[in-house]
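# An overview of the molecular structure
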Amino acid sequence: MRWDACRASWMRGSGSPRVLLVLALGIVLVLVGTLYYLSVPASGTLVIQVRDAPTDFSHLLVTFSEVRVHPANAGNESQWLNLSLAVSTIDFMNLGNLTKVLALNKVPAGKYTQIRIVVTSASGTMMGGASVPMTVAGGILETNTPFDLKAGGVTTVTLDFDLAQSIHQASGSWVFMPVLGSIVVS
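Residues numbered from 1 in each chain as written. Predicted model: local features only at pLDDT ≥ 70, side-chain atom pairs only at ≥ 80, totals over all residues. Heavy atoms only, no water.

## So, the environment of Met-126
Put simply, the rule reads: Under the scheme used here, helices are H or I runs from DSSP no shorter than 4 residues and strands are E runs no shorter than 2 residues, and both carry numbers assigned from the N terminus. To sort residues, take the accessible area from a 1.4 Å probe on protein chains only and compare it with the maximum for the residue type: under 20% means buried, over 50% means exposed, and anything in between is partly exposed. We call two residues in contact whenever any of their non-hydrogen atoms come within 4.5 Å of each other.
In this structure, Met-126 sits in strand 6 (residues 110–126). Its relative accessible area of 22% is what places Met-126 among the partly exposed residues. Met-126 sits 68 residues away from Ser-58 along the chain, and the two C-alpha atoms are 5.6 Å apart. If we ignore the near neighbours within four places in the chain, the residues touching Met-126 are Asp-56, Phe-57, Ser-58, Val-132 and Trp-174.

In structure tokens:
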């Protein structure tokens, strides 16, 4: 069959308007998807881990209510980003030398300058079995260790609680004043 005859046969067919409509809709969908992809800010996954284990306790339960990060280009208090807590209470004695994920979220890629963690309560059990309720003093921890989060990547920040420095006994009562040791970004 000659080209002119093929083209004429195709143009006479009842499916040609439908085919053109489907092609046009396909092109529109590809363009809309591309524009959406380009307009969505790139993000990465941020993981906040904690670790430590004091030796005088068989259990040390610390409850967290909030983990936030502050982008480098954000100017004021309202621009902190909340991270979802993976757990709210951690028994540091069960960790040993391991780490535990405290918060995990997808956040916009970029440079971050601070992490803020709020501790709401703490209690422990001494090696001999005695329960130790603790008052939390100044339960807000802030780090000033900058880190970068690459688009599509995972950045893990491991916060080493210095529990030996965080737990104090004064006037017959126990006080938990959270102190951070080392901070490792990977």
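Next, the rest of the story.
## Here we look at the nonpolar core
The test is simple: What is meant by a nonpolar core is a set of buried Ala, Val, Leu, Ile, Met, Phe, Trp, Tyr and Cys residues, joined one to another through side-chain atoms within 4.5 Å.
Within the largest apolar cluster, 35 residues are counted, with the highest numbers of intra-cluster contacts made by Leu-46, Ile-48, Phe-64, Phe-92 and Met-134. The dominant element in this core, judged by the number of residues it contributes, is strand 2 (residues 57–71), at six residues.

## Focus: the packing of aromatic side chains
Applied cut-off: Stacked, tilted and edge-to-face are the three classes assigned to paired rings of Phe, Tyr and Trp, where Trp is represented by its six-membered ring and a pair needs centres within 6.5 Å; plane angles under 30 degrees give stacked, over 60 edge-to-face, the rest tilted. Either the NZ atom of lysine or the CZ atom of arginine qualifies as a charge over a ring when it sits within 6 Å of the ring centre and within 35 degrees of the ring normal.
Using the criterion set out here, one finds four aromatic pairs in the structure. Summarising the aromatic geometry, the rings of Phe-57 and Trp-174 are spaced 5.8 Å apart at their centres and angled 75° between planes, so their arrangement reads as edge-to-face. With Phe-57 in strand 2 and Trp-174 in strand 12 (residues 173–176), this residue pair connects regions lying 117 residues apart in the sequence. Ring centres of Phe-64 and Phe-161 lie 5.9 Å apart, and the angle between their planes is 75°; this geometry places the pair in the edge-to-face category. Here the residue Phe-64 occupies a position in strand 2, and Phe-161 occupies one in strand 10 (residues 154–161), the gap between them amounting to 97 residues. Assigned by exposure class, Phe-64 and Phe-161 land together as buried. The residue whose ring lies beneath Arg-116 is Trp-80, and the NZ or CZ to ring-centre distance is 4.2 Å.

In short, geometric facts, not functional conclusions.
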